[in-house]
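Residue-level structure breakdown
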Amino acid sequence: MKKNDSGLTVPLSNTATLILLCLQQPSHGYEIMKYVEERTDGMVTIGPATMYRSIADFISQELISQLPAEGTKKEYVITDKGRALLDEQRHFLRLLNRIADERRGER
């Protein structure tokens, strides 16, 4: 794992990556869980405990922020620091795809 300037590591878990991808638009916890399940065709589901623990961790690391509350639902959005980390993760995922393409058929 490689630490970036903020001390965070890439690669991120699939769950962390998907949550940060979702939070490029303001969303609340249930929307995030629904987004992940729909976008991964049900291959990844995030339960409430994992969701809210991840949100708390991301807030403490300043990767996401909570928006001013409107009603009872708390909405969150990715920060600039979170975007920078997500960009590093995207680079890593492109690297994985390149490696997979290079190795395809070499048996």
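Overview of the structure. Everything numeric here is computed off the predicted structure, so don't read it as measured data.

**Let's talk about the overall build of the protein**
When helices and strands are counted, the protein shows 4 helices and 5 strands. Starting at the N terminus, the α and β elements of the protein follow one another as β-β-α-β-α-α-β-β-α. Burial status across the protein gives 31% buried among its 107 residues. For the protein, long-range pairs separated by at least 24 residues make up 50% of all intrachain contacts whose partners lie at least 6 apart in sequence. Accessible surface, the protein: about 7,400 Å² in total, of which carbon and sulfur atoms supply 49%.

**With respect to the pairing of strand S5 (residues 75-78)**
Pairing of strand S3 (residues 27-28) with S5 involves 2 bridges; the strand directions are antiparallel. Looking across to S5, one finds that His28 is bridged to Glu75. One ladder, built from 3 bridges, connects strand S4 (residues 64-66) with S5; its direction is antiparallel. Of the residues in S5, the one forming a bridge with Ser65 is Val77.

**So, the layout of surface pockets**
For the largest pocket, the calculated volume is near 230 Å³. Broken down by secondary-structure element, the contributors of at least two residues to the lining of the largest pocket are helix H1 (14-22) and helix H3 (48-60). Examining the composition of the lining of the largest pocket, we find that 4 residues originate from one element, H3, more than from any other. Across the lining of the largest pocket, the residue classes tally to 6 nonpolar, 6 polar and 1 charged.

**Let's talk about the side chain of Ser27**
For Ser27, the location among the structural elements is in strand S3. Within the structure, Ser27 has its side chain in polar contact with the backbone oxygen of Gln25 (distance 3.2 Å). Leave out the neighbours within four places in its chain, and Ser27 touches Cys22, Ile32, Lys74, Glu75 and Tyr76.

**Quick notes on the nonpolar core**
Counting 21 residues, the largest nonpolar core has Ile19, Leu20, Leu23, Ile32, Met51, Phe58 and Ile64 as its most contacted members. Of all the elements in the fold, those that place two or more residues in this core are H1, helix H2 (29-39), H3, S5 and helix H4 (80-103). Counting residues per element, this core draws most heavily on H1, at 5 residues. Apart from the residues within four sequence positions on either side, Ile19 is in contact with Ile32, Ile46, Met51, Ser54 and Phe58.

**Re the sheet that holds S4**
With antiparallel pairing, 3 strands are arranged side by side in an open sheet as S3-S5-S4. The open sheet is flanked by S3 and S4, the only strands paired with a single partner.

What counts and what doesn't
Residues numbered from 1 in each chain as written. Predicted model: local features only at pLDDT ≥ 70, side-chain atom pairs only at ≥ 80, totals over all residues. Heavy atoms only, no water. Helix = DSSP H or I, 4+ residues; strand = E, 2+ residues; numbered from the N terminus. Buried < 20%, exposed > 50% of the residue type's maximum accessible area, 1.4 Å probe, protein only. Contact = heavy atoms within 4.5 Å. Areas by Shrake-Rupley, 256 points an atom, 1.4 Å probe, with all protein chains shown as cover. Pairing = 2+ DSSP bridges. 1 Å grid on protein atoms, 1.4 Å probe; cavity = no way out; pocket = protein on both sides within 12 Å on 5 of 7 lines; lining within 4 Å. Points joined across faces, edges and corners; volume = space filled by probe spheres on them. Nonpolar A, V, L, I, M, F, W, Y, C, P; charged D, E, K, R; others polar. Polar contact = N/O pair within 3.5 Å; in protein donor to acceptor, adjacent residues only side chain to side chain. Core = buried A, V, L, I, M, F, W, Y, C linked by side-chain atoms within 4.5 Å.

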